[in-house]
Amino acid sequence: MVLFVIRRLILIIPILLGLLLLTFVMLRMGPGDPAAAIAGDNATPEQIAAIREDLGLNDPAVFQFFDYLVRAAQGDFGVSVYSNRPVGLDIAQRLPATLELTIVALLIATVFGLIIGVLSGVWRNSTFDHLVRIFAVIGLATASFWFAIMLQLVFSMDLGILPLRGRLATGMPSPPVVTGLYLVDALLAGRLDAFWSALAHIILPAFTIALGGLATIARFTRSSVISSLESEYAAYETAVGYPRRRIITPYVLRNSLVTPVTQIGLLFGAFVSNAVAVEAVFDWPGLGSYLVEAIFTNDYQAILAVTLVIGVIYGIVNICVDVIHGLLDPRVAETM
Amino acid sequence: MRILHAAMFAAVTLTAAPLAAQAPEGELVWGDTLPKGLDPHVVYDVPMQFYMLNVYDGLYRYVGNPPELTPWLAQGHEVSDDGLTWTFTLKDGVTFHDGSPLNADDVVYSFQRLLEMGQGPSGAFLPVLDPSGVEKVDDLTVQFTLKHPYAPFLAAIPLVSIVNEDVVKANEADGDFGAGWLSSNSAGSGAYIPDAGTYVPQERLDLARFEDHFYGWDDNPSPIDVVRAYPVQETSTRVLALMRGDIDATDSYLPTDQVERVKGAEGVDVSQDESMRIMIIRMNNKKPPFDNANFRKCVSHAFDYSAFIDVILGGYAERNAGPIPKNLWGAPDDLEPYTFDLDLAQEFCDAARAEGADLDRTLEIHIQSALDQTTQSAQVLQAGLGAVGVNVELIASTWANLTSQAASPETTPDMWVHWVSTYFVDPENWIGQMYDSDFHGTWKASAWYQNDEVDSLLDQARAETDQAERAKLYEEASRKIVADAADIWIYNTVQLRGLSDRVDGYKFSPVGSGGEIRWMSLN
């Protein structure tokens, strides 16, 4: 298993290189001039030319790419056009916000998805099951930015029970940075006010992101539970006289979890891309809203770095999924 | 984002009224955009004006609407007869936020820093001023020696914030003029002191009132002590945040459909102010068929101005006949705007065809995806030209792409849509930088217009110091450019800012769009 993880970690490197190369080529093929973006709206052609020379944009593209790789390997991702600060600093500040949002969304999707999926599998074709089916279809078909605005209108405007935007109440100092996750940092610092504020602020965006995934997990869990219930071992256990509850809780559930867990790993990617739209609507200061602005401003260094970070996260999450898969299913572990 | 507006509009009309204001008492929450960095000598965009007006001071400042050039740190200035030597006398007793005095050394350092770094607003000065041309005469006197006479010099003076020389120098690293540090810190003397500890780029910045500001606070008995800048990214969220009381002000470019909604909501209103910001459809005069004047006239007559301004924009804009905003000197009063007239358009297009122009190619108009009006205006033009048999295709793009494409006539699109905002209040900001061929290669001059007579008129206007004489030159140049139909000038902007009713004293100026907090109070 350890060897498996190490092997997979090493395999991430060529994937990331390929990802960077592809992004780099696409950015260079586009019409924008990074130097003009950096120089600003009122720059003279001379100013732009000077910046182009400074950044090495006149060098052959291959040199530029290798130069970028060398600098990136040393942790230097260049300066952002959008914020005028080192890209690394921006990402360090914004990554925790996106991670916190995605983790909470994943928790919501997993917990509710599994519970609902198991229940509709066990109570197959009941009214509950039919309702879940309808909601699952709606959940999968809903555009996240639309759903985000609906949640804002209902919970922030009409009912007034949840905040509209941001990560914390206006003017509230953020908790001292330990992990960058406000929920965790607030508890570590004993700041309950900040914890409740952060929790209230994260519910709507996290739920928006979770919706599609929740529906997916519920549907996969349901079919998995049903096929386990119809399996021979379940029939045998019933014949032996095990009560239904005893069959479901240890045996059926464990066997049913393998498929949904794989789904959770795949969902993570969908969550990150959802975050791009959702963060903008909720003013969530994460990587998604940063990426949107970076694209609008031709901020190529920021775009490359965010792509790299998302690639790394993706790779790690997939390894985690494989490991959990192995833990749940000894047959898989043997092949690792 | 357009779908987003539509979805929200539909949704909001179905739901009930907003909640009461929740913003903290005595604190103003400003929801407009923050600049992309805090160094006023590096960043030069519209949001930077908000930051400069509140955190820094300049020698002169624009106040009110129409904007009046008011002595600020300076008591006044003198200019030599040849227009080359400008001498500014400073007010005595001005202090920076750290309590140290602001004197001529700081002014010299600020201008030299700007010119040496060559970024931000330096473009307005570099052609006429070298760093060595800025000299201290005594502690309260600074002298500028220009390379050649340049009348818009004074109009551009408010672009330069005076920074605290000692503070910036103490934070220099590798000869960067302290730019790394100043991009997230401040060294100013302005009415508000930013709290650098709260700064998150484009997300958040808190400011506290500077009680010892040189201007004093006698004119405002209950000034705002704490300002929290909390930019809201998405228009829909911004409007909801205002209606909910989370923020006290939106940006000043509310979409028309949102204006009616904010007006109808309780506790909030929309401030409407005619600004100086021209909306234009650019034509690449060097690219056939746009090199044909008759064809450009055909396009100018094929745009339905009143459908766009009165129907689509609900009348929240003022028709502008030429490149200079009609509320600024230099814009001729008698200039006749192009009318929407498909018969005339057809005649001009036929004339262009007879002259050999190829109108069968599908023409491209590039729009800025983030800005709905660019799409709407392009569609209006597409419909008009379609009626005279000319095909137009809309291409989605971004500001960053379009401005870099403007570097050469080959890469500049056939047509594109943008605005020219007020950076400094002088016709030079519009007609001078848009139609003088010296500026070819910049986005402002992306029509690639070439007319030697106009070039010479604009040069004379720069060298002439008498404003009445300059006005005549600009009027003459305007008439020629409009007769050539160099571009399609659509309107002068009415700026629309959503404001909470608890804000008093909001004072609009085209420079900074009313973001100067020192005049405001909370009731």
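Structure: see above.
Structure report, in brief.

Reading the values: rules and limits
All residue numbers refer to position in the chain's written sequence, counted from 1. Naming scheme: in the order in which they are written, chains are lettered from A and ligands are numbered from 1. Given that the model is predicted, a residue must reach a pLDDT of at least 70 before its local features are reported, and side-chain atom pairs must reach 80 or more before they are shown or counted; all residues, however, enter totals for whole chains, interfaces and linings. Helix and strand assignments follow DSSP, with helices taken as H or I runs no shorter than four residues and strands as E runs no shorter than two, numbered in order from the N terminus. What the globule rule says is 2.2 Å times the number of residues to the power 0.38, and the radius of gyration is computed from C-alpha atoms. Contact criterion: two residues are in contact if their C-beta atoms, reconstructed from the backbone, are within 7 Å. Buried residues are those with 20 or more other C-beta atoms within 10 Å of their own C-beta, exposed residues have 12 or fewer, and partly exposed residues lie in between; C-beta atoms are placed from the backbone. Pairing between strands is defined by DSSP: at least two bridges between the two strands are required. Each residue receives one of three labels: charged for Asp, Glu, Lys and Arg, nonpolar for Ala, Val, Leu, Ile, Met, Phe, Trp, Tyr, Cys and Pro, and polar for the others, Gly being one of them. In this analysis, axes come from line fits to C-alpha atoms, helices being fitted only over the stretch in contact, and the angle between any two N-to-C directions falls in the range 0 to 180 degrees. Here is the rule for angles: anything less than 35 degrees is roughly parallel, anything more than 145 is roughly antiparallel, 65 through 115 is roughly perpendicular, and the remaining ranges are oblique. Here is the rule for handedness: rotate from the far helix to the near one, and if that takes an anticlockwise turn smaller than a right angle the crossing is left-handed, while a clockwise turn gives right-handed. Every crossover in which the path from the first strand over the helix to the second runs clockwise, viewed with the strands pointing away from the viewer, is termed right-handed. Each nonpolar core comprises buried Ala, Val, Leu, Ile, Met, Phe, Trp, Tyr and Cys residues, the members being joined through C-beta atoms within 7 Å. Each C-beta atom gives one direction from the helix axis, and the arc is the one those directions make.

What follows concerns the overall build of chain B. What chain B contains, in helices and strands, is 16 helices and 18 strands. In summary, chain B has a C-alpha radius of gyration of 24 Å against a globular reference of 24 Å for 523 residues, a match within 12%. When its C-alpha atoms are laid out on the principal axes, chain B stretches across 70 × 65 × 45 Å. Put simply, 71% of the contacts in chain B that link residues at least 6 apart link residues at least 24 apart.

Time to look at the overall build of chain A. Looking only at helices and strands, chain A features 15 helices and zero strands. Buried residues in chain A amount to 42% of all 336 residues. Counted over contacts in chain A with a minimum sequence separation of 6, partners at least 24 positions apart contribute 71%.

A word on the pairing of strand β2 (residues 60-63) of chain B. Residue and element names in this part refer to chain B. Where β2 and strand β3 (residues 68-71) come together, four bridges link them in antiparallel fashion. Pairing of Y62 across the sheet is with L69, part of β3. Where β2 folds back onto β3 in an antiparallel hairpin, the turn is made up of four residues, including G64, whose phi is positive at roughly 80°.

On to the interface of chain A and chain B. A common measure of how large an interface is: the accessible area buried when the components associate. Taken together, the 43 residues of chain A in the interface contact 53 residues of chain B. Put simply, the parts of the chain that give the side of chain A that touches chain B at least two residues each are α2 (34-39), α3 (45-54), α5 (87-122), α7 (144-158), α12 (258-282) and α13 (287-296) of chain A. Broken down by element, the residue count for the side of chain A that touches chain B peaks at nine residues, all from α7(A). Grouping the amino acids of the side of chain A that touches chain B by side-chain chemistry returns 18 nonpolar, 17 polar and eight charged.

Right, let's get into unusual backbone geometry. Residues and elements named next belong to chain B. Cis geometry is adopted by the peptide bond preceding P66, which originates at N65 and carries an omega value of 0°. In this fold, P66 is placed in the loop between β2 and β3. Cis geometry marks the peptide bond from P288 to P289, where omega comes out at 0°. As for its placement among the helices and strands, P289 is situated in the loop between β11 (268-283) and α9 (293-301). Phi at Q202 is positive, roughly 65°, even though this residue is not glycine. Among the residues examined, Q202 registers 21 C-beta atoms within 10 Å and is labelled buried. Despite not being glycine, S513 has its phi angle at roughly 50°, a positive value. With respect to the helices and strands, S513 occurs in the loop between β17 (503-504) and β18 (521-522).

Below, the discussion takes up the packing of helix α9 (residues 192-229) of chain A against helix α11 (residues 244-256) of chain A. Residue and element names in this part refer to chain A. As a packed pair, α9 and α11 sit with axes 8 Å apart at the nearest point and diverge in direction by 130°. In terms of axis orientation, α9 runs oblique to α11. When you trace α9 past α11, the crossing you get is right-handed. Facing T221, S224, V225, S228 and L229 of α9, the residues of α11 in contact are V252, N255 and S256. Across the contact of α9 with α11, the residue classes tally to three nonpolar, five polar and no charged.

Our next topic: the pairing of strand β13 (residues 363-368) of chain B. Residues and elements named next belong to chain B. Counting buried positions over the six residues of β13 gives five, a clear majority of the element. Here six bridges tie β13 to strand β14 (residues 392-397), and the two strands are oriented parallel to one another. In the strand pairing of β14, Q368 is matched with S397. Following the backbone out of β13, through helix α12 (residues 372-387) and into the adjacent parallel β14, one traces a crossover that is right-handed.

Proteins that are soluble and globular tend to have nonpolar side chains buried together. Of all hydrophobic cores here, the largest spans 233 residues; its most connected members are L101(A), A105(A), V306(A), C298(B), L381(B) and I490(B). Here the element with the most residues in this core is α9(A); it accounts for 16 residues. Once residues within four sequence positions are removed from consideration, L101(A) is found in contact with I202(A), P205(A), A206(A), I209(A), A275(A), W284(A) and G286(A).

What follows deals with the environment of S408(B). Position of S408(B) relative to the elements: it lies in the loop between α13 (399-405) and β15 (415-420). Remark: the alpha-carbon pair of S408(B) and L381(B), spanning 27 residues in sequence, is separated by 24 Å.

As a further point, take the sheet that holds strand β10 (residues 226-229) of chain B. Residue and element names in this part refer to chain B. Here we have four strands laid out as an open sheet, ordered β1-β10-β9-β8, and mixed in their pairing. Looking at which strands have only one partner, the edges of the open sheet turn out to be β1 (27-30) and β8 (192-200). This sheet shows a mean twist of 20° between the axes of neighbouring strands, independent of strand direction.

Let's shift gears to the sheet that holds β13(B). Consider a sheet: its strands pair through backbone hydrogen bonds, and that pairing is either parallel or antiparallel. All names here are of chain B. In space, the six strands of this open sheet follow the order β12-β16-β11-β15-β13-β14, with mixed pairing throughout. The open sheet has two edge strands, β12 (317-319) and β14, and neither has a second partner. If you compare each strand with its neighbour and ignore which way they point, the axes differ by 30° on average.

What follows concerns α9(B). All names here are of chain B. Among the nine residues of α9, seven are classified as buried, and the element is accordingly described as predominantly covered. When α9 is considered as a whole, its buried residues turn out to be F295, R296, K297, C298, V299, S300 and H301. Among the structural elements, β11, α11 (342-354), α12 and β16 (488-500) are those in contact with the buried residues of α9.

This next bit is on α3(A). Residue and element names in this part refer to chain A. Turning to α3, its buried residues are Q47, I48 and I51. Down the axis of α3, the buried set is contained in an arc of 100°. They therefore lie on one face. The inward-facing, buried residues of α3 abut α2. Following α3 by one or two positions, G56 has its phi on the positive side, about 75°.

What follows covers the environment of S478(B). Residue and element names in this part refer to chain B. Within the secondary structure layout, S478 lies in helix α16 (residues 467-483). The exposure class of S478 is buried, given the 25 C-beta atoms found within 10 Å. Placed 354 residues apart in sequence, S478 and A124 show a C-alpha to C-alpha distance of 21 Å. Contacts of S478, omitting those with residues within four sequence positions, involve G322, P323, I324, A331, P332, L335 and I431.

To continue, consider the packing of helix α14 (residues 427-435) of chain B against helix α15 (residues 452-463) of chain B. Residues and elements named next belong to chain B. In contact at an axis separation of 10 Å, α14 and α15 are set at 140° when each is read in the N-to-C sense. As the angle between them shows, α14 and α15 are arranged oblique. Of the two possible hands of crossing, α14 and α15 adopt the one that is left-handed. Touching E428, I431, G432 and Y435 of α14 are V454, L458 and R462, all from α15. Residues of the contact of α14 with α15, tallied by class, amount to four nonpolar, one polar and two charged.

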